[in-house]
Amino acid sequence: MVAPEQPFRTLTGMHDLFDPDTARRRALVDLFATRAEQAGYREVRPPLLEELGVFQRLGEATDVVSKEMYEFEDKDGRRVALRPELTAGVVRAFVQHHPPTPWKVWYAGTSFRRERPAKGRYRSFDQVGVEVLGVDDPDLDVEVLALAWSTVRELGLRDVRLVVNSLGDGDDRRNYTDAVAAFLHSRRSDLSEAAVATSERNPLRVLDTKRPEDRAVIADAPSIAEFLSPDSVAHLDRVREGLRALGVPFTEDDRLVRGLDYYRRTTFELVADSLDAAQNAVGGGGRYDGLAEDLGGPPTDGIGFALGVDRLFLACDAEGVFPAPEPVLDAFVVDTTGGGAARDLVHELREARLAADRRYGGGSLRSQMKSADRSGARWALLVGTDELAAGVVTVRDLRTGAEQETIARAELVGALLQRLAPTAGTGRDGSDGRDDEREGTRT
Ligand code: AMP
């Protein structure tokens, strides 16, 4: 192998993620997983790579499918693609394994779209989301919207709006699409070239354009509200009523059509006003009654949403909420004897489920203490020649600066565990009951 002339770098629009961003991401996934599992959802993990056809069902006229997919032929000559979103793979899994319905699943994972990169728009990005298959009840729409809303609220975000619309059932949507196509055709001389091109492939997509010249035109476009069947209206009414009953604030926007072709009836988006308008959707979803059939399964109602993790964090940064969790280190072992004391002690601490670290390569007491301070550990555990000879360890509390103590080596781990065990009012870091429970199991 010849070394490359330049060191390798990530591909355009893709990023390495490091601590503390990785810790923050995991905290978000944990928060979401907890909420979803409390609501009866179980995790699903479809593969990153699927047969191209799975994603083509999302709508050949959509940008995601026609322009942005990473698709290629594998060595067996099969056309495959990296997933641009998770819904299609989840529904394919449903069709393949026919689990009992209702099938309520959540996911967290990466998707790939070859978009023009910008702040909040990447070629590899993470989402968390849910899908439910096999339930037609509008109260489920309320559950799903409320879950998305509560997640965003629990992150601490306040400058986010929930925007709701209905695209009606299949017939309503078809009639409406025809009406919009006719309208756009009649006004094509006023539209931008890009909008005219889009209107020929996917008329509804023109409705959520951001271009001012097109926005003026579409202000006169027909509204979906005029095309909704009585059933679709009843469904939407029940969703509105449910959201109000739960105290989930929302606005309605009859121009909200969303990118993919499969949406029916309820569609929604979460919009963060703290972000640039072009990338301010932090999440979106809706009903997709018909996708399972398109993937070769029985007719099945479906609904879901995805929240964009990268954009949620941009919004959290803008609002100064949901910081990365601080790493917790219980003990830092400072061993100046050069023997096996540090090696053995950190292992013993870790086996007892204490967070422990040390420095390698020796060093003076002073320099090792510096490392201990920097580590953020609660205790420095000092082992010098005197301690070793006496079979003890010197324990220095780095947070309170209390006078140091000497504890017999054999009793050390037990003594530290005892100090960490919950007693009323002395949570480790203002910890809640859940942490206490976890710590309780250590003793
Ligand atoms: P969509 O399937 O396009 O509705 O995507 C759902 C959510 O994923 C969006 O609301 C965004 O928050 C996020 N998202 C979509 N595409 C990207 C991207 N290219 N980069 C970062 N986040 C994205």
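Every value quoted in this text rests on a predicted model; they were computed, and no experiment measured them.

Rules behind the numbers
- Residues numbered from 1 in each chain as written.
- Predicted model: local features only at pLDDT ≥ 70, side-chain atom pairs only at ≥ 80, totals over all residues.
- Heavy atoms only, no water.
- Helix = DSSP H or I, 4+ residues; strand = E, 2+ residues; numbered from the N terminus.
- Buried < 20%, exposed > 50% of the residue type's maximum accessible area, 1.4 Å probe, protein only.
- Contact = heavy atoms within 4.5 Å.
- Areas by Shrake-Rupley, 256 points an atom, 1.4 Å probe, with all protein chains shown as cover.
- Lys, Arg positive; Asp, Glu negative; His and termini not counted.
- Charge placed at Lys NZ, Arg CZ, Asp CG, Glu CD.
- Domains from an automatic or database assignment.
- Pairing = 2+ DSSP bridges.
- Axes fitted to C-alpha atoms, helices over the stretch in contact; angles between N-to-C directions.
- Arc of directions from axis to C-beta.
- Core = buried A, V, L, I, M, F, W, Y, C linked by side-chain atoms within 4.5 Å.
- Expected span 1.5 Å × (residues − 1).
- Polar contact = N/O pair within 3.5 Å; in protein donor to acceptor, adjacent residues only side chain to side chain.
- Salt bridge = Lys/Arg side-chain N within 4 Å of Asp/Glu carboxyl O.

(A) Representation of the overall build of the protein chain. On a plain count of helices and strands, the protein chain comes out with 17 helices and 16 strands. Taken along the three principal axes of its C-alpha coordinates, the protein chain extends 90 × 60 × 45 Å. Residue burial in the protein chain is summarised as follows: out of 443 residues, 49% are buried. When contacts within the protein chain are restricted to residue pairs at least 6 apart in sequence, long-range pairs at least 24 apart make up 70% of them. Accessible surface computed for the protein chain: about 22500 Å², of which carbon and sulfur atoms make up 48%. Side-chain charges of the protein chain comprise 59 positive and 76 negative groups, with the mean position of each set lying 4 Å from the other.

(B) Region of the structure containing the environment of Val160. Counting through the fold element by element, Val160 comes out in strand 7 (residues 160–166). The spatial distance from the C-alpha of Val160 to the C-alpha of Ala315 is 8.7 Å, given a sequence separation of 155 residues.

(C) How the structure looks around the domain arrangement of the protein chain. Partitioning the protein chain into structural domains gives domain 1 (21–169 + 229–319) and domain 2 (331–420). On a C-alpha basis, the centroid separation for the pair domain 1 and domain 2 is 48 Å.

(D) Representation of the pairing of strand 4 (residues 79–82) in the model. Pairing of strand 2 (residues 49–51) with strand 4, which is carried by three bridges, proceeds in the antiparallel orientation. Pairing of Glu50 across the sheet is with Ala81, part of strand 4. Two elements, strand 3 (residues 71–73) and strand 4, share three bridges in a ladder whose sense is antiparallel. When the bridges of strand 4 are listed, Glu73 appears paired with Arg79. Two successive antiparallel strands, strand 3 and strand 4, enclose a turn made up of five residues, where Gly77 displays a positive phi of approximately 80°.

(E) Representation of the sheet that holds strand 11 (residues 302–308) within the structure. With respect to topology, eight strands assemble into an open sheet ordered 1-5-6-11-10-9-7-8, the strand pairing being mixed. Only two strands of the sheet have a single neighbouring strand rather than two, namely strand 1 (42–43) and strand 8 (251–252). Here strand 7 runs beside strand 9 (residues 264–272); their pairing, made up of seven bridges, is antiparallel. Bridge pairing links Val163 to Glu269 in strand 9. The sheet contacts of helix 1 (residues 21–38) involve strand 1, strand 5 (103–112), strand 6 (124–133) and strand 11, and relative to strand 5 the element is tilted by about 160°. Packing of helix 4 (residues 87–97) onto the sheet brings it into contact with strand 5 and strand 6, and relative to strand 5 it is tilted by some 135°.

(F) Main features of helix 13 (residues 341–351). Among the residues making up helix 13, those that are buried are Ala341, Ala342, Leu345, Val346 and Leu349. Viewed end-on, helix 13 has its buried residues packed into an arc of 110°, placing them on one side of the element. Exposed and facing more than 90 degrees away from the buried side of helix 13 are Arg343 and Glu351. Looking at the buried residues of helix 13, the elements they touch are strand 12 (331–335), strand 13 (356–358), strand 14 (379–383), helix 15 (385–390), strand 15 (392–397) and helix 16 (409–420).

(G) Expanded view of the nonpolar core. Ranked by internal contacts, the top residues of the largest apolar core, which has 48 residues, are Tyr41, Trp106, Val144, Leu157, Leu162, Leu270 and Phe305. Among the elements that take part in this core, helix 5 (residues 138–154) stands out by supplying nine residues, more than any other. Sequence-distant contacts of Leu270, defined by excluding residues within four places in its chain, comprise Ala148, Trp149, Val152, Val160, Arg161, Leu162, Asn280, Ala281, Val282, Gly283 and Leu307. Ranked by size, the runner-up nonpolar core spans 44 residues in total, among them Leu184, Leu191, Leu228 and Tyr262.

(H) Focus on unusual backbone geometry. With an omega of 10°, the peptide bond running from Asp19 to Pro20 counts as cis. Relative to the helices and strands, Pro20 resides in the segment before helix 1. Of note, the phi angle at Phe322 is positive, near 50°, even though the residue is not glycine. Mapped onto the elements of the fold, Phe322 is located in the loop between helix 12 (309–319) and strand 12.

(I) Inspection of helix 5 at higher detail. When the terminal C-alpha atoms of helix 5 are compared, their 24 Å separation across 17 residues agrees well with the 24 Å that a helix rising 1.5 Å per residue should span. Among the 17 residues of helix 5, twelve are classified as buried, and the element is accordingly described as predominantly covered. Those residues of helix 5 lying buried are Pro138, Leu140, Asp141, Val142, Val144, Leu145, Ala146, Leu147, Ala148, Trp149, Thr151 and Val152. Of the residues flanking the start of helix 5, the one acting as N-cap is Asp137, its side-chain oxygen 2.8 Å from the backbone nitrogen of Asp139. Looking one or two residues past helix 5, Gly156 carries a phi angle of roughly 105°, positive in sign.

(J) Geometry of the pattern of salt bridges. All chains considered together, the criterion is met by 27 salt bridges. A salt bridge links Arg287 to Asp141; its shortest N-O distance comes to 2.7 Å. Note that Arg287 is positioned in strand 10 (residues 281–287) and Asp141 in helix 5, a separation of 146 residues in sequence. Residue class for Arg287 comes out buried when judged on its relative accessible area of 0%. Residue Arg265 is joined to Asp289 by a salt bridge in which the shortest nitrogen-to-oxygen separation is 2.9 Å. One end of the pair, Arg265, is in strand 9; the other, Asp289, is in the loop between strand 10 and helix 11 (291–294), and 24 residues separate them in sequence. Taking relative accessible area as the criterion, Arg265 reaches 14% and is therefore assigned buried. What emerges from the salt-bridge pattern is a single network uniting Asp136, Asp141, Arg265, Arg287 and Asp289.

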